[in-house]
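What the coordinates show
Listed below, chain by chain, are the residues.
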Amino acid sequence: MKVRVHATIANFGPGFDVFGVGIGEPYDELSFRESDEWSIRVEGFPVPADETNVAVVAARALARLVGEDVPLELKLRKGIRPGSGLGSSGASSLAGALAMARVLGVEDEGLILRAAMEGERAASGSAHPDNVVPAYYGDFTIISTPLHVDRIPVDFRVAVVLPEVEVPTREARRALPGKVPIGDAVSNVALAASLVKALIEGDMERAGMFLDDRIALPYRLKLMPWYGTVRRAAMEAGAWGFSVSGSGPAVFALGEDVVQIGKAIVEAFEGLGISAKAYVARAGVGVVP
Ligand SMILES: Nc1ncnc2c1ncn2[C@@H]1O[C@H](COP(=O)(O)OP(=O)(O)O)[C@@H](O)[C@H]1O
Ligand SMILES: N[C@@H](CCOP(=O)(O)O)C(=O)O
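Residues numbered from 1 in each chain as written. Chains lettered and ligands numbered in written order. Predicted model: local features only at pLDDT ≥ 70, side-chain atom pairs only at ≥ 80, totals over all residues. Heavy atoms only, no water.

To continue, consider the layout of surface pockets. Each pocket or cavity is described by its volume, and for the largest pocket that value is around 530 Å³. Around the largest pocket, the lining is made up of 36 residues, and of these Gly83, Ser88, Ser89, Ala123 and Thr169 lie nearest the centre. For the lining of the largest pocket, the secondary structure elements donating two or more residues are helix H2 (88–104), helix H3 (109–124) and helix H5 (169–174). A class-by-class count of the residues in the lining of the largest pocket yields 11 nonpolar, 17 polar and 8 charged. The two domains that each donate at least three residues to the lining of the largest pocket are domain 1 (2–151) and domain 2 (159–283). (1 Å grid on protein atoms, 1.4 Å probe; cavity = no way out; pocket = protein on both sides within 12 Å on 5 of 7 lines; lining within 4 Å. Points joined across faces, edges and corners; volume = space filled by probe spheres on them. Helix = DSSP H or I, 4+ residues; strand = E, 2+ residues; numbered from the N terminus. Nonpolar A, V, L, I, M, F, W, Y, C, P; charged D, E, K, R; others polar. Domains from an automatic or database assignment.)

This is how it looks when you write it as structure tokens:
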């Protein structure tokens, strides 16, 4: 048996730890079957092939949550580069939780998502939900605590560019302050509210106007000194809006001609001596059909 879990754009501008959306590529695939003992093989991008792999962590977490202990033999095709900002650890975590759910016949979505978030905790030190939840539903998701999910179905194309540099989520979270100025918090509330309205109306050009963020991104820019240059290139190529995906370094842009915008972003990275790969991804893709 096999599950496929796609990448995600978490935060989506102003929604730190709250907004996310599933995108059609890249993706991880996890093959699984019951066994006498735990094992995992990894193909593709290198991640640990032992019990610290977040697919194993999340699968075990689900078994624990339902009071079972069934060892699995796992084979992970790792298509989402770790440390990418595209929900790499979230995708594998959800895949592990889903694998165990299929084996044990667990259908409770809340339990599956909670187990997947344990994988995120192991990877980044924080059980943030804004990768695993949109990876599951695909939709643009709005998550409040304790786990409550609002979903906005979306179907748009987005330019996603992944540069050949790494920003570990753990490090990007350490860069955040304990408190933010009230004016910045107010700006983010306004941006987030207007973004949600534009998405509900399906007005992506307008959504592009609300991708700024005042509470997380400014503190992370020291890890992404190329941000301003690359953003300028995207906007000059006609982007309606631009931001960092998750904790970076992947970036994304909305616009009419996302192929051209993706090329312009790649060229801007290359101009700085950083190679980069563009994806034209479909937003709104998840595990749930
Ligand atoms: N299956 C896995 N997929 C991705 N990362 C994993 C996996 N298993 C363990 N890890 C570890 O988690 C960390 C990557 O997490 P993170 O920086 O959050 O990446 P991303 O932001 O792309 O999700 C790395 O230390 C990596 O070795
Ligand atoms: N809200 C989190 C999202 C991290 O996403 P990732 O794709 O970088 O793992 C954060 O910004 O820390």
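After that view, the rundown keeps rolling.
Here we come to unusual backbone geometry. In this structure, the amide linkage connecting Glu25 to the following residue, Pro26, adopts the cis form with an omega of -5°. In this model, Gly248 is joined to Pro249 through a cis peptide bond whose omega is 10°. Within the chain, Phe12 stands out as a residue other than glycine whose phi angle is a positive 45°. Residue placement: Phe12 occurs in the loop between strand E1 (2–10) and strand E2 (19–34). Note on Phe12: relative accessible area 0%, which makes it buried. In this structure, Asp17 is a non-glycine residue whose phi angle is positive, near 65°. (Buried < 20%, exposed > 50% of the residue type's maximum accessible area, 1.4 Å probe, protein only.)

Our next topic: the site of ligand 2. Every one of the 15 residues lining ligand 2 counts as a neighbour, but Asn11, Asp17, Asp130, Arg173 and Ser247 are closest to it. Here an oxygen atom of ligand 2 and a side-chain polar atom of Arg220 are 2.8 Å apart. Residue assignment places the shell around ligand 2 across two domains, with domain 1 (2–151) and domain 2 (159–283) each supplying three or more. (Near = heavy atom within 4 Å. Polar contact = N/O pair within 3.5 Å; in protein donor to acceptor, adjacent residues only side chain to side chain.)

Inspection of the region around ligand 1 gives 19 residues, with Asn53, Gly83, Ser89, Ser92 and Thr169 positioned closest. Here a nitrogen atom of ligand 1 sits 3.1 Å away from a polar atom, N or O, in the main chain of Val54. Between Ser88 and ligand 1, the recorded distance is 3.1 Å, taken from a backbone N or O atom to an oxygen atom. Computed on the free molecule, ligand 1 has an accessible area of 550 Å², of which 83% lies beneath the protein chains in the complex. The pocket occupied by ligand 1, as judged from atoms lying within 2 Å of grid points, is the largest pocket. Put simply, the parts of the chain that give the shell around ligand 1 at least two residues each are strand E4 (72–78) and H2. Per-element accounting of the shell around ligand 1 gives the leading share, 3 residues, to H2. (Areas by Shrake-Rupley, 256 points an atom, 1.4 Å probe, with all protein chains shown as cover. Sits in = over half its atoms within 2 Å of the grid points.)

Under the criterion given, the structure shown has 1 cavity of 30 Å³ or more. Roughly 80 Å³ of internal volume is contained in the largest cavity. Residue lining of the largest cavity: Asn11, Gly13, Phe16, Asp213, Ala216, Leu217, Arg220, Ser243, Val244 and Gly246, and that is the complete set. Contributions of two or more residues to the lining of the largest cavity are made by helix H8 (217–220) and strand E8 (241–244). Of the residues contributing to the lining of the largest cavity, the split by class is 4 nonpolar, 4 polar and 2 charged. Counting contributing residues, the lining of the largest cavity receives three or more from each of domain 1 (2–151) and domain 2 (159–283).

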